Structure formats: structure tokens, C-alpha cells
Amino acid sequence: MNTQTDLAEEGGRAGEPGTPQSADGLKAGLKNRHLSMIAIGGVIGAGLFVGSSGGIAAAGPAILVSYALVGAMVVFVMRMLGEMAAASPDSGSFSAYAERALGRWAGFSIGWLYWFFWVVVLAVEATAGAVILEGWVPAVPQWAWALAVMVVLTATNLASVSSYGEFEFWFAGVKVVAIGAFVVIGLLAAFGLLPGSDNPGAGLAHLTDAGGFFPQGAGAVLTGVLMVVFSFMGSEIVTLAAGESEDPRRAVTKATNSVIWRIAVFYLGSVLVVLTLLPWNDPSIVEKGSYVAALDSIGIPHAGQIMNVIVLTAVLSCLNSALYTASRMAFSLGERGDAPQRFARVSAKGVPVTAIWASVAFGFLAVYLNYAFKDTVFTFLLNSSGAVALFVWLVICFTQLRMRGILMRESPERVTVRMWLFPYLTWATAGMILFVLVSMLFDEANRQVVLLSVLVAAVVVTVGLVLDRGRRTAARP
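In short, a report on the structure. (Residues numbered from 1 in each chain as written. Predicted model: local features only at pLDDT ≥ 70, side-chain atom pairs only at ≥ 80, totals over all residues. Heavy atoms only, no water.)

**Observations concerning the overall build of the protein chain**
When helices and strands are tallied, the protein chain shows 19 helices and zero strands. For the protein chain, whose C-alpha radius of gyration is 22 Å, the value lies close to the compact-globule estimate of 23 Å for 477 residues. For the protein chain, the C-alpha atoms occupy an extent of roughly 75 × 55 × 45 Å along the three principal directions. Going through the 477 residues of the protein chain one by one, you find that 57% of them count as buried. Contacts in the protein chain between residues at least 24 apart in sequence constitute 79% of all its contacts with a sequence separation of at least 6. Total accessible area on the protein chain is roughly 18,500 Å²; 67% of this is exposed by carbon and sulfur atoms. A distance of 9 Å separates the average location of the 29 positive side-chain charges in the protein chain from that of its 29 negative side-chain charges. (Helix = DSSP H or I, 4+ residues; strand = E, 2+ residues; numbered from the N terminus. Rg over C-alpha atoms; globule rule 2.2 N^0.38 Å. Buried < 20%, exposed > 50% of the residue type's maximum accessible area, 1.4 Å probe, protein only. Contact = heavy atoms within 4.5 Å. Areas by Shrake-Rupley, 256 points an atom, 1.4 Å probe, with all protein chains shown as cover. Lys, Arg positive; Asp, Glu negative; His and termini not counted. Charge placed at Lys NZ, Arg CZ, Asp CG, Glu CD.)

**Focus on the environment of Thr-276**
Take Thr-276: it is sitting in helix H11 (residues 248-277). Since its relative accessible area comes to 0%, Thr-276 is described here as buried. Residues Thr-276 and Ala-189, spaced 87 residues apart in sequence, show a C-alpha to C-alpha distance of 9.2 Å. Those residues within four positions of Thr-276 in sequence are excluded, and the remaining contacts are Ala-190, Gly-203, Leu-204 and His-206.

**Regarding the nonpolar core**
Counting 160 residues, the largest nonpolar core has Phe-49, Phe-94, Trp-118, Phe-232, Leu-390, Trp-393 and Ile-433 as its most contacted members. Top contributing element to this core by residue count: helix H6 (residues 104-136), with 19 residues. With near-sequence residues (within four places) excluded, Phe-232 lies in contact with Tyr-67, Val-70, Gly-71, Val-74, Ile-263, Tyr-267 and Trp-393. (Core = buried A, V, L, I, M, F, W, Y, C linked by side-chain atoms within 4.5 Å.)

**Regarding the packing of aromatic side chains**
The full count for this structure, using the stated rule, is 18 aromatic pairs. Arranged with centres 6.0 Å apart and planes meeting at 45°, the rings of Tyr-67 and Tyr-267 form a pair that is tilted. Remark: Tyr-267 occurs in helix H11 and Tyr-67 occurs in helix H4 (residues 63-87); sequence separation between them is 200 residues. Ring geometry for Phe-116 against Phe-362: centres 6.4 Å apart, planes inclined by 80°, an arrangement best described as edge-to-face. Of this pair, Phe-116 sits in helix H6 while Phe-362 sits in helix H15 (residues 353-372), and the two are 246 residues apart along the sequence. Here the guanidinium or amino end of Arg-404 rests over the ring plane of Phe-422, the centre of that ring lying 4.3 Å away. (Phe/Tyr/Trp six-rings, centres within 6.5 Å; stacked < 30°, edge-to-face > 60°. Lys NZ or Arg CZ within 6 Å of the ring centre and 35° of its normal.)

**A look at the layout of surface pockets**
Its boundaries defined by the atoms lining it, the second largest pocket holds a volume of some 200 Å³. Forming the boundary of the second largest pocket are Phe-49, Ala-178, Ile-179, Ala-181, Phe-182, Ile-185, Tyr-291, Leu-295, Ile-300, Ile-306, Met-307 and Ile-310. Going through the elements one at a time, helix H8 (161-190), helix H13 (290-298) and helix H14 (303-335) are the ones with two or more residues in the lining of the second largest pocket. Sort the elements by how many residues they give to the lining of the second largest pocket and H8 lands first, with five residues. In the lining of the second largest pocket, the residues fall into twelve nonpolar, no polar and no charged. (1 Å grid on protein atoms, 1.4 Å probe; cavity = no way out; pocket = protein on both sides within 12 Å on 5 of 7 lines; lining within 4 Å. Points joined across faces, edges and corners; volume = space filled by probe spheres on them. Nonpolar A, V, L, I, M, F, W, Y, C, P; charged D, E, K, R; others polar.)

**Description of H15**
Relative to the 28 Å expected for 20 residues at 1.5 Å per residue, H15 spans 28 Å between its end C-alpha atoms, a close match to the ideal helical length. Residues of H15 that are buried include every one of Ala-355, Ile-356, Ser-359, Val-360, Gly-363, Ala-366, Val-367, Leu-369 and Asn-370, and no others. (Expected span 1.5 Å × (residues − 1).)

**Brief notes about the pattern of salt bridges**
Summed over all chains, the structure comprises six salt bridges. Salt-bridge contacts for Glu-410 lead to Arg-100; the nearest nitrogen and oxygen are separated by 2.0 Å. Highlighted residues: Glu-410 in helix H17 (residues 388-410) and Arg-100 in helix H5 (residues 93-102), separated in sequence by 310 residues. Looking at Arg-100, the relative accessible area reads 31%, which means it is partly exposed. Two residues, Arg-104 and Asp-338, come together in a salt bridge whose shortest N-O distance is 3.1 Å. Of this pair, Arg-104 sits in helix H6 while Asp-338 sits in the loop between H14 and H15; the two residues are 234 residues apart in sequence, bridging distant segments of the chain. Residue classification places Arg-104 among the partly exposed positions, given a relative accessible area of 25%. Classification of Asp-338 by relative accessible area gives buried; the value is 5%. A single salt-bridge network, built from bridges that share partners, covers Arg-104, Asp-338 and Arg-471. (Salt bridge = Lys/Arg side-chain N within 4 Å of Asp/Glu carboxyl O.)

**Observations regarding the environment of Gln-305**
For Gln-305, the location among the structural elements is in helix H14. A relative accessible area of 42% places Gln-305 in the partly exposed class. Separated by 169 residues in sequence, Gln-305 and Ala-474 place their C-alpha atoms 61 Å apart. Within the structure, Gln-305 has its side chain in polar contact with the side chain of Trp-136 (distance 2.8 Å). (Polar contact = N/O pair within 3.5 Å; in protein donor to acceptor, adjacent residues only side chain to side chain.)

**Structural notes on the packing of H6 against helix H16 (residues 374-385)**
Contact geometry of H6 with H16 gives a least axis separation of 9 Å together with a crossing angle of 130°. By the angle class used here, H6 and H16 are oblique. Between H6 and H16 lies a crossing whose hand is left-handed. Contacts from Phe-116, Phe-117, Val-120, Ala-123 and Val-124 of H6 reach H16 at Phe-378, Leu-381, Leu-382, Ser-384 and Ser-385. Partitioning the contact of H6 with H16 into residue classes produces eight nonpolar, two polar and no charged. (Axes fitted to C-alpha atoms, helices over the stretch in contact; angles between N-to-C directions. Parallel < 35°, antiparallel > 145°, perpendicular 65-115°, else oblique. Left-handed = near helix turned anticlockwise from the far one by under 90°.)

**Here's the deal with a nonpolar patch on the surface**
Where nonpolar side chains cluster on the molecular surface, the patch consists of Val-184, Leu-187, Leu-188, Phe-191, Leu-193 and Leu-204 and spans about 530 Å² of accessible area. Relative to the assigned elements, Leu-188 resides in helix H8. Residue class for Leu-188 comes out partly exposed when judged on its relative accessible area of 33%. (Patch = residues over 30% accessible without salt bridge, like charges linked within 9 Å, V, L, I, M, F, W, Y side chains within 5 Å.)

See below:
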């Protein structure tokens, strides 16, 4: 494993004058403000804006419990990952740590699965953005918009890592400001403190006035968990990006420590506002979308178009990060010999050009499949990658169980972030993730996603084990 070094400690500089470069050739071009916004924006995906209405309809106000449970799971996973990343920043993040703690087959498997997940996300987000843009400019066909956003963000990532960071800084900034304003304005309206609001100001009454807090029964909380868990995926991106920052350990530590309030404000806070402004069974929540319905209830004009702008920003942010994340994972795999060596080559600006092109090529192919074979090939790609993030979180748990001992033996002074109640909370988190996966098997809407994801994972793991055995056999005298 080629672990990235702390430049301040090593004192090494390469490439352009005054531009720090990591040990593996990637430029440390992300500033602290970039990492801070990537960390904040990483937990705000388009799924929050477009997926919350379904969860509210399924569980009522109890969806808050679902968000809290999944949020806690993500906080614990990020704490584990933060412990390892702060001690040993690496562009391969959990894949590199899994290789060290569990074996090369594990790093190979989870790295390729994660790459597969994000290149499929490229197609999903490009198509979602194209739908919005086509609504504004119908003269341009949807496929052309999808192609345009892919080309623009590919160029951004090819330019330099700082270009990615700058775009993500502003994309994430729009999301953060929008949700922050939504929470403040919504709460003022809910309690009758917003001048000119159309909302009667019922306070917290809507949490219980339409059948109680659990109108669909306590079991609906689990249904809600299965519906909202996918909107949290991507929070781990900051640990990959930290490897190209000016101060990786500080960036990871800060991001890990702030994940609690980020989830509390952006997820629980914004969904709470929706539920205080409208009864959970108000038809407009499903018809218009939860956030648009909430804005309409206040009397905000053009709420639908405002939300389209915010959702488009979230989509572009996710697409930008998907390309960055997929390319860095491909780079790390190439660097460790688990992918073609060309993937590990960087340009004069420290950009892994081949890894980016390989990732975006699959993304373009997936976009084409989405239009040409949407109900067959693309549906298979979508379903077979759907549970990968849960697999990643599970591997992070098992990796951290082993890595704690390794780090404490080799360099205990580097363990500046520690998982709480180790190892009990780590095991409990792994149990929570397994419970979610098993529950998905008994849920008709998610059964195919889990089965196909397990099938693809089994194939990749088998390839990893065969390659690992072949290398060990070849290494014997």
C-alpha cells in the first residue's frame, strides 16, 4: 500500500513551485475550504430532495426516527473511517485499508465494487440533470443535455484537482445555503413568526394530529429506513479527497467530528420542517415533492422552479463527485497493482488522466444504455450496484476492527481520532448494516437490488481471491 504522507512532516515538495505533492504523485491541490464544503455537501445528495416524500408517505412523522437511525449508522461508520484516514491518509481510503487489514483480495474487491457504483451514478445523475434542463429548454433533446453536463464536468476534473474542488465548493455551497434558509424560514413559519406567511403556524401539532406520531405503525420505521438509507451514500468521499489536501489529517479529523451536526441539521432538520408545515398525509407532499409542498404552504412564489434549481445543483454536485471518486479509486487500484498500471499515471498537474477517462468512458456507456436499453441492461446495472455502499460500510467496520490493533502497534501517536466504545460499537454498527441488508431481502421493492448486488459482489470477490492466490503461488521459490 502506498500510503500518502503528511507533507508538513515529510517536508517534500514536487511539481510546480509552491505546490505540494503527495507521495503517490497526486497534487495536494484541495484547500481547507474545499474540504470543508466537500464534507458538508457530501451528505446532501439529490436523494434528500426527491426521495423524502416517499418516506414521509410510508412512515408519517416516524420517518424522523428512520432518518435518525440511518444517520447514527453513518456517523459511526464515518468515525471508524476517520480513525483510519486521520492516521494514514490515502487516495484509496477504505479500499487501501481493507487490503492492509483483511487481505489484498478485500482491497481489490471493495475498490472495484465502489468504482462500479460511482460510474453507474454518473449515468443516473447526468440523466436526472438532463430532465430538468430539457424542461427549461425543450429545443435541446435530453440526450444532448446529458452529454453536455458530462463533457463539462469531465473537463473540470481533467484540468486539476483544484478545479474539481472549486466547482464542488460552489455546488455544495448552494445546497448548504438553500437547506439552511429552508430550515430557518420553515421553522419561523411553523411557529407563526414569519411575516406574510400563508401557513397558520401550528407549531409541532402536525407531528401528532393526523393519526399520531406512528400513524402507519412502528413497523413503518423499518420501511422508512430502507427508503432513506440510499440518500446518505457519499459521506465517505471526503476521506478520499483528503489525500489531495494541504493538511490531510486535520481535514479528516474536522470532517469526522462535524458529521453529527451536518446530518442533524440537513436531514433531520429539513424533514422536521416539512412535517411541521404540513400534515404527513397531505396529498401535495407526494404530488409536488415534500420541499416544494412545504414552500407552497408558506406562500413562496415559484417554489417548484426554485427547487428545480436546487435539485439541479445537487445533481451536478453528485455527478462531479462521482467522477472524482471513481477516478481516484481507479488510480489507487492501479497504484496497488489491482488495475492496469496506466491508471496510476498522473499528468504534470498531478491529475490521473487515464483513470478519469476510463471512468467517464463507462459513464458515457451507461448514459447510452439508459436511453437505448433502459428496462433491461441499464436496470441490471442500477440494481446490481444499488447495495454496494452498504457493502462498503460493512467492510469499513471489519477493517477498523483489525486496523486499530495494527495502528496501535506501529504508530499509536497517529491515532488521533478514535471510534467510540471500541470494539462494541463497531460490532453493533456492523450488525445494524447486516440487519438492513437482510430486511431488504424481505422487502419486495429492494429484494432484486440486494440479490443482484450480492451476485456481482460474489463475482468480484471470486476474481480477487483467484488473483491473490495466483500472486502468492508465483511468489513461492
